[in-house]
Amino acid sequence: MDRVSSFDEPLKKLLGGATAKVMAEHLDLHTVGDLLHHYPRRYEERGKLTALADLPLDEHVTVVAQVADARILMFNNGRGKRLEVTLTDGSGRLQLVFFGHGVHKPHKELLPGRQAMFAGKVSVFNRKMQLAHPTYQLLDASDADEATEAVDAFAGRLLPIYPACKQLDSWRIAKAVDAVLPSAQDAVDPLPAALREGRGFTPLPEALLKVHRPQTRTDIEDAKARLKWDEAFVLQVALARRRYADTQLPAVARRPVADGLLDAFDAKLPFTLTEGQEKVSKEIFDDLATEHPMHRLLQGEVGSGKTMVALRAMLTVVDAGGQAAMLAPTEVLAQQHHRSITEMMGELAEGGMLGGSDQGTKVVLLTGSMGMAARRQALLDLVTGEAGIVIGTHALIEDKVQFHDLGLVVVDEQHRFGVEQRDALRSKGKQPPHLLVMTATPIPRTVAMTVFGDLETSVLDQLPAGRSPIASHVVPAKDKPHFLARAWERVREEVENGHQAYVVCPRIGDDAEEAEGKKGKAAKKASAKAAEEDPEKRPPLAVLEIADELRKGALAGLSVEVLHGRMHPDEKDDVMRRFAAGDADVLVATTVIEVGVNVPNATAMVIMDADRFGVSQLHQLRGRVGRGSAPGLCLLVSEAHEASPARARLSAVAATLDGFELSRIDLEQRREGDVLGQAQSGVRSSLRMLTVIDDEEVIAAAREEAVATVAADPELEHLPELRTVLAALLDKDREEYLDKG
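Residues numbered from 1 in each chain as written. Predicted model: local features only at pLDDT ≥ 70, side-chain atom pairs only at ≥ 80, totals over all residues. Heavy atoms only, no water.

Enquirer: Would you take a moment to explain the environment of Thr86 for this structure?
Expert: Relative to the helices and strands, Thr86 resides in strand β3 (residues 80-88). Sequence separation between Thr86 and Val67 is 19 residues, and the spatial gap between their C-alpha atoms is 6.0 Å. Leave out the neighbours within four places in its chain, and Thr86 touches Gln66, Val67, Ala68, Asp69, Arg93 and Leu94. (Helix = DSSP H or I, 4+ residues; strand = E, 2+ residues; numbered from the N terminus. Contact = heavy atoms within 4.5 Å.)

Structural data, given as structure tokens:
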């Protein structure tokens, strides 16, 4: 068997169809290599008991504990049987429960004093933590005859506890790993020999053996150090090759022109740019002036003035004879950007129009739902070069859209931007255009190095003068209903003082339920009952329902409007215009207002079911208030239990306005699975050992080594093993993922 193919061997061959099917469907493990890279989550020492005191609710857990008590109880007038077993580990107690025919075997085996491993999903019954029908494996047999192979295998060793699922326990995964472990010898080592020796790393086959079957804690540390490096290095090489390839492309240099559009724009600004804006603008101008395409990420605090920086870059390109396109994720946002940019530019945005400036250019909007006449005019303005700036949605990428000379693409990173789209836009320029990606959410440095690793990064961390502080508070609606009543009073007070407010809900509110009549009512009744028992189970609060309640109740007499994604684009734009003009007091909306909406007179925001949003999203939403001279107020309404992780998240948001700090907290809570995982790439993460938040030094060092490696050998001709591993990592999906950004 050659070195590559043993890792590519389907698990079905070695483990049998049934086990392989469960691994594929529930753990996304298909080959020997997949299973060897399915590392233990943690390790237990035989005799060392897991802390039962801090078991996570609703998660599959594996615990090692001792039986304190076991008894059979009858119910249903003696027709039903239930076995209750109490476990202890010195830190806490946990109840197991078995029903019906399932009580016989555990009743014989789980005797007081017995120690075993138990796996199951943690639930709460009568205020006690319990596992219902857990699977278990005894760890100590009372006499030698009963000693099983499993007990021998586990005796005196560190027990690997694997990420498992309901259908497959940790110890069954351990047995499967035993079956494929000999293939670890065939592992292809991606690290160049000089790097491996220079850093004193354990050879890869040995690292795989040590991570799965460690003899000591030192074995685990050695293995982890090596496997983390592999992941960081291979990923950084992929990104370094992408950056290198980009530097080889030609581009038209777009240098600033004296007394042009940019100077005219700067001269009419009613404020001075912050130091940060000046510094970042210089980095961008330097990139635009080179004959290779810029690939830069502009990230900054909510309200730090990213749009202003992007606009100045666009004006520079127009001055240099090119055109600039800004791509927004939604029509609402495209319209917002178009409105705020034309307002900022004034007569400079009316080039060729009556009353427009001689130095001006046309700023056009292009979205999918525009009328034919307006669309035809916009397309004409682009192909003739009449329009220097275009703002639009994905409609910009369509075949019909032709540019006179596309010089810069600005992407608002609410949507990641796929390889086909980047290529489609690139092909619209005579040469590849420069690219500026704006992200609204501050990102920790290590994430920027991985998720956006093919881009150079500019950071805006100063807020412009005149931005007001935002006070944030958690409103515990379930425990203290009078706090919620006070929240609506505060909204009323803001409106009475001449200001406006947002109310944000997670859901639109569907008329389909009503249309289904009785069925809908029955479903509503059932969900209301479930909600009473557990607030987490009720559907999230909806815009249409909350708006209705507020108009009739707490905010009666005020002008309350709604905004959500299912409205017609013209209607959305109309509502937004009226709200911006001060014609509506309160806007009840979904997260369509999350980014780019700028109404300086809006000072208060109430976020309903705030625990249903992520940390970054809450920070983003909060950034919509406090944009003028009056202080902002953000109220996070939640029915989550005080001790729950959801409430901890809300308290973190209320405690700091520092987006970079919050992004770190967010990442620590979600862990790295989401960073390169399915949420953003649609494919499985290649990071199994590396945690982007904890391993900053490893990632930074790997990036340096990767840059040096690619500079010395761009095609990796002398590193065939690294090429092989890269090819495996960069299957079509991963390649596409890395090409986003």
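Enquirer: So what exactly am I meant to see when it comes to unusual backbone geometry here?
Expert: Residues other than glycine predominantly adopt negative phi, and peptide bonds predominantly adopt the trans conformation. Backbone geometry at Asp609 places phi at a positive 50°, although glycine is not the residue there. Its identity is not glycine, yet Leu716 carries a phi of approximately 55°, on the positive side. Within the secondary structure, Leu716 sits in the loop between α27 (696-712) and α28 (720-729). By relative accessible area, which is 0% here, Leu716 ends up buried. (Buried < 20%, exposed > 50% of the residue type's maximum accessible area, 1.4 Å probe, protein only.)

Enquirer: Is there a simple way to explain the sheet that holds strand β20 (residues 602-607) in this structure?
Expert: Within a sheet, adjacent strands bond to each other through the backbone by hydrogen bonds, running parallel or antiparallel. Here six strands make up an open sheet; going across it, the order is β16-β21-β20-β17-β19-β18 and the pairing parallel. Each having just a single partner strand, β16 (470-476) and β18 (560-563) make up the two edges of the open sheet. For this sheet the average axis-to-axis angle between neighbouring strands, irrespective of direction, equals 20°. Pairing of β18 with strand β19 (residues 586-589), which is carried by four bridges, proceeds in the parallel orientation. The residue bridging Leu563 from the neighbouring strand is Ala589, located in β19. With respect to the sheet, helix α22 (residues 569-580) is in contact with β17 (500-504), β18, β19 and β20, its orientation differing from that of β18 by roughly 140°. On top of the sheet, helix α23 (residues 615-622) reaches β16, β17, β20 and β21 (632-638); it is set at about 150° to β20, its chief contact. (Pairing = 2+ DSSP bridges. Axes fitted to C-alpha atoms, helices over the stretch in contact; angles between N-to-C directions.)

Enquirer: Explain the nonpolar core to me, please; I cannot follow it from the model alone.
Expert: Counting residues in hydrophobic clusters, the biggest one holds 52 residues, and the most contacted among them are Trp229, Phe233, Val237, Leu366, Leu382, Val390 and Phe403. At seven residues, helix α10 (residues 217-248) tops the list of elements feeding residues into this core. In this structure Val237 touches Ala706, Val710, Leu716, Leu722 and Leu726, once residues within four positions along its chain are discounted. Listed in part, the 39 residues of the second largest apolar core include Met326, Leu333, Ala349 and Val410. (Core = buried A, V, L, I, M, F, W, Y, C linked by side-chain atoms within 4.5 Å.)

Enquirer: Can you help me understand the sheet that holds strand β9 (residues 295-300) in this one?
Expert: Across the sheet, which stays open at both edges, the seven strands sit in the order β11-β12-β10-β13-β14-β9-β15 with parallel pairing between neighbours. Taken across any chain shown, the strands that pair with only one partner, and hence form the sheet edges, are β11 (362-366) and β15 (456-460). The sheet shows a mean angle of 20° between the axes of neighbouring strands, taken without regard to direction. Two elements, β9 and β15, share five bridges in a ladder whose sense is parallel. By the bridge assignment for β15, Arg296 is matched with Glu456.

Enquirer: Quick question: what am I supposed to make of the side chain of Ser170 here?
Expert: Within the fold, Ser170 resides in helix α7 (residues 170-180). If we skip the residues at most four places from it in the chain, Ser170 touches Thr62, Pro160, Ile161, Tyr162 and Ala164.

Enquirer: Where do I start with the packing of helix α14 (residues 331-345) against α22 in this structure?
Expert: To characterise two packed helices, one gives the angle between the axes of the helices and the distance between these axes. Across the interface, α14 lies against α22 with an axial gap of 10 Å and an inter-helix angle of 45°. The angle between α14 and α22 places the two elements in the oblique class. For the crossing formed where α14 meets α22, the hand is right-handed. For the pair α14 and α22, the contacting residues are Glu331, Val332, Gln335, Gln336 and Arg339 in the first and Pro569, Lys572, Asp573, Met576 and Arg577 in the second. Looking at side-chain class alone, the contact of α14 with α22 contains three nonpolar, two polar and five charged residues. (Parallel < 35°, antiparallel > 145°, perpendicular 65-115°, else oblique. Left-handed = near helix turned anticlockwise from the far one by under 90°. Nonpolar A, V, L, I, M, F, W, Y, C, P; charged D, E, K, R; others polar.)

Enquirer: Whenever I open this one, the packing of aromatic side chains confuses me. Can you help?
Expert: Here a ring pair, both rings aromatic, is described through the centre-centre distance and the interplanar angle of the planes. Within this structure, the stated rule accounts for six aromatic pairs. For the ring pair Phe75 and Phe99, a centre distance of 6.4 Å and an interplane angle of 85° mean the geometry is edge-to-face. With Phe75 in strand β2 (residues 60-75) and Phe99 in strand β4 (residues 93-99), this pair connects stretches of sequence that are 24 residues apart. Judged by relative accessible area, which is 31%, Phe75 ranks as partly exposed. Pairing Phe118 with Tyr136 gives two aromatic rings, centres 6.1 Å apart and planes at 40°, and the pair type is tilted. With a gap of 18 residues between them, Phe118 in strand β5 (residues 115-125) and Tyr136 in strand β7 (residues 135-138) connect regions that are remote in the sequence. For the pair Phe118 and Tyr136, a shared accessibility class is recorded, and that class is buried. An aromatic cluster is built from Phe98, Phe118 and Tyr136, whose rings are joined through pairwise contacts. (Phe/Tyr/Trp six-rings, centres within 6.5 Å; stacked < 30°, edge-to-face > 60°.)

Enquirer: What exactly am I supposed to notice about the packing of α23 against helix α24 (residues 645-655) here?
Expert: In the contact formed by α23 and α24, the axes pass within 10 Å of each other and the chain directions differ by 40°. By crossing handedness, the relation of α23 to α24 is classed as right-handed. Across from Val615, Leu618 and Arg622 in α23, the residues of α24 making contact are Arg649, Leu650, Val653 and Ala654. Among the residues forming the contact of α23 with α24, the class breakdown is five nonpolar, no polar and two charged.

Enquirer: Hey, could you run me through the environment of Ser559 in this one?
Expert: With respect to the secondary-structure elements, Ser559 resides in the loop between α21 (543-552) and β18. Taking the C-alpha atoms as reference points, Ser559 and Asp585, 26 residues apart in sequence, are found 5.1 Å from one another. For Ser559, the residues in contact, after removing those within four places along its chain, are Asp583, Ala584, Asp585 and Val586.

Enquirer: Whenever I open this one, the pairing of strand β6 (residues 128-132) confuses me. Can you help?
Expert: Regular strands show a simple pattern: their side chains alternate between the two faces of the sheet. Two strands pair when backbone bridges link them, and β4 and β6 are joined in this way by three bridges, in the parallel orientation. Residue pairing in the sheet places Val97 in a bridge with Ala132 of β6. Strand direction decides the pairing type here: β5 and β6, joined by four bridges, are antiparallel. Considered in β6, the bridge of Ser123 is made with Gln130. Between β5 and β6, which follow one another and run antiparallel, lie two residues, and Asn126 among them has a positive phi close to 50°.

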